[in-house]
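Architecture at a glance
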Amino acid sequence: MSLSRRALLGIIGGTAAATVVGVPLIHGVRGSSSTGELLPSRRPLPPPFKRPLTVPPVLQPTRTEATADYYDIVQKAAYAEILPDVRTQIWGYNGIFPGPTIVSRSGRRAVITHRNELPVPVVVHLHGGHTPPEHDGYPTDLLYPLNMAGMNHDHMGGAISHGQRDYLYPLQQRAATLWYHDHRMDFTGPSLWHGLAGFHLVGDDDERRLPLPIGDRDIPLMITDRSFDTDGSLLYPSLDPTLLTTPGVKEPYGAGVLGDVILVNGTPWPVADVSAVRYRLRLLNASNARRYKLTLHPAPSGGQSLVQIGTDGGLLDRPIAHDAIEIAPAQRFDIIVDFSRYQSGQEITLRNEFGDGSTTHVMRFRVTGPAPDATHIPEQLSAAAAVLPANTAAITRTLLFRHDDVSGMPGWTINGQPFNPNYDFAQPKLGTTEIWRLITDFHHPIHLHLGHFQVLRRGIGPAGAYDHGWKDTIDLRPAEEAMIIVTFDDYKGRYVFHCHNLEHEDMAMMGNFTTT
Ligand code: C2O
Ligand code: CU
Ligand code: CU
């Protein structure tokens, strides 16, 4: 079966058509939105800006030692009140979506015992974590629920456990906004769509010394898009609704599933009361395929309302003031918004300039009134954000991410290869630095496990406005090319890199590298 016309329309989905792969790539070829197809909800959409923003609870350790904190999480189905007057079944870490937030200190080991009470196997990955391979959530290292003890067929050599297992995170890494989510081979898209995602925030002394907003003025915001069925259940076009055997989604959703309801921390278009002071907002795009261009409306006089202080891998060296932030799936932007630039009583909407209709709005802030504020944004944030010189790279590899035929089905490949747990694209020696040149046909947010990278170039130009700092996911647009530089350190073993459009990932756009 070759790519049908319908599928092709789904891929192009209202964005600029991609140019042919292989032609010279020009900086600034911009799809205005996302690669994917809108899945319309089958019930009336809830009204925006009615429900208050909630912040996921911080998970308390079950015990702590001198250098480690221990946590328990049970993965289970539960009901959530996402829409008015109806309950929605979700899959949640401790039964909530987003899952509880884990707060760690850099250098303190976090040990998380996950118990699986879901009707499917799971894999837990700490996204952005610098983690030994056996704890990184390799896609075939399945944790089965206890009641599936007999079901360990065809796991492609993964390390299997039943009932529960521990994930150990050394967290020998900088302060950063990380997140944890499911990573089961072929089924990551529906698992996240059903709720398996949470924040894991790492702090350190460098960050603590800075006069940035803390406490309830430091707010993680997980942005997702979802669609709902007539009965209020989450709608997702899986080929196999049991999510056990056949991977993939129905056409025309093979290029990505886009929802029409925007949730922030699990609430549709919420509203947050804020004082007229500075806030740190930790933006995470946990959507399957949707990209956002976030702006504040109205903009304060003078603009530059979103001051970026950090990204995937932690603080930038210096703050960058933006009028808008483009954020692709899995990326994080830590920003400071100074609400003292607005009047008391004013309502400010966080908009999505890439949206259309219901997806143009994300959430709203309501400025309650003045309050004391001892914070400021220092000119110098972190010295650890210095640039890796390109001449330290031992090798440059070229990787082409494209739509392809995968065993007779439309899918997604890297250099023509569908995901194969037994094939390595690279075998870097520990301590080696490499340049990876990434080329795309459509939008592909490319993510590397283990190592954070820096963006050296985008097309014929320098890194883009949203590429600064240490990244683990780069937002690549149609027919684009970028060079990233990465050092592989500390842990030997097999890791993956992949597209974080989850429908692409599930349909084979993933590869291994093994550090030696
Ligand atoms: Cu956020 Cu390999 O994943
Ligand atoms: Cu990851
Ligand atoms: Cu992709």
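The structure presented is a predicted model; accordingly, all values stated were derived computationally and were not measured.

Another point: unusual backbone geometry. Note that the residue after Phe 97, namely Pro 98, is joined by a cis bond; omega there is -5°. Its place among the elements puts Pro 98 in the loop between strand 4 (88–93) and strand 5 (102–105). With omega at 0°, the peptide bond leading from His 297 into Pro 298 counts as cis. Among the structural elements, Pro 298 can be located in the loop between strand 19 (292–297) and strand 20 (306–311). A positive phi angle, close to 50°, is found at Gln 304, a residue other than glycine. Mapped onto the fold, Gln 304 is located in the loop between strand 19 and strand 20. The phi angle at Ser 407 is positive, at roughly 40°, despite the residue not being glycine. As for its placement among the helices and strands, Ser 407 is situated in the loop between strand 26 (395–406) and strand 27 (409–414).

Before going further, it helps to spend a moment on the coordination of the copper ion (ligand 3). Distances from the copper ion (ligand 3) to its protein donors, His 444 (ND1), Cys 499 (SG) and His 504 (ND1), fall within 2.0 to 2.1 Å. Going along the chain, you hit the donors of the copper ion (ligand 3) in the pattern H-x54-C-x4-H. Of this pair, His 444 sits in strand 30 (residues 444–448) while His 504 sits in helix 4 (residues 502–506), placing them 60 residues apart in sequence. Overall, His 444 belongs to the buried group, its relative accessible area being 0%.

This next bit is on the pattern of salt bridges. Per the stated rule, a full pass over the model turns up 27 salt bridges. Across the salt bridge formed by Arg 282 and Asp 334, the nearest N and O atoms sit 3.8 Å from each other. Here Arg 282 is found in strand 18 (residues 278–285), whereas its partner Asp 334 is found in strand 23 (residues 332–338), with 52 residues between them in sequence. Across the pair, Asp 334 and Arg 282 agree in class, each one buried. The salt bridge partner of Arg 291 is Glu 326, with a shortest N-O separation of 3.4 Å. With Arg 291 in the loop between strand 18 and strand 19 and Glu 326 in strand 22 (residues 325–327), this pair connects stretches of sequence that are 35 residues apart.

Next up on the list: the sheet that holds strand 12 (residues 197–203). Strands sit in the order 5-12-11-7 across an open sheet of 4 strands; the sheet is mixed. The open sheet has two free edges, formed respectively by strand 5 and strand 7 (124–127), since each of these has just one partner strand. Looking at each pair of strands side by side, their axes are set apart by 25° on average, direction ignored. In this sheet, strand 12 lies alongside strand 5 in parallel orientation, the contact comprising 4 bridges. Residue pairing for strand 12: Ser 104 is matched across the bridge by Val 202.

Coordination of the copper ion (ligand 2) by the protein involves His 125 (NE2) and His 447 (NE2), with metal-donor separations of 1.9 Å. On the criterion of sequence distance, the pair formed by His 125 in strand 7 and His 447 in strand 30 is long-range, its members being 322 residues apart. With respect to burial, His 125 and His 447 carry one shared label: buried.

Attention now moves to the domain arrangement of the chain. Partitioning the chain into domains gives domain 1 (16–24 + 47–208), domain 2 (215–381) and domain 3 (385–515). Here the C-alpha centre of domain 3 lies 25 Å away from the C-alpha centre of domain 2. Each partner contributes residues to the interface: domain 2 has 29 residues there, and domain 3 has 23 residues. Interface area for domain 2 against domain 3, summed over the two sides, is near 2,100 Å², with a carbon-plus-sulfur share of 53%.

Next up on the list: the pairing of strand 23. Counting buried residues in strand 23 gives 7 out of 7 residues, a clear majority hidden from the surface. Covered by surrounding structure in strand 23 are Arg 332, Asp 334, Ile 336 and Asp 338 together with Phe 333, Ile 335 and Val 337, the residues of both alternating faces. Two strands pair when backbone bridges link them, and strand 18 and strand 23 are joined in this way by 7 bridges, in the antiparallel orientation. By the bridge assignment, Leu 281 is partnered in strand 23 with Ile 335.

What counts, and where the lines are drawn
- Residues numbered from 1 in each chain as written.
- Chains lettered and ligands numbered in written order.
- Predicted model: local features only at pLDDT ≥ 70, side-chain atom pairs only at ≥ 80, totals over all residues.
- Heavy atoms only, no water.
- Helix = DSSP H or I, 4+ residues; strand = E, 2+ residues; numbered from the N terminus.
- Donors = N, O, S within 2.8 Å, 3.2 Å for Na, K, Ca; no water.
- Buried < 20%, exposed > 50% of the residue type's maximum accessible area, 1.4 Å probe, protein only.
- Salt bridge = Lys/Arg side-chain N within 4 Å of Asp/Glu carboxyl O.
- Pairing = 2+ DSSP bridges.
- Axes fitted to C-alpha atoms, helices over the stretch in contact; angles between N-to-C directions.
- Domains from an automatic or database assignment.
- Contact = heavy atoms within 4.5 Å.
- Buried area = accessible area lost by both parts, 1.4 Å probe.

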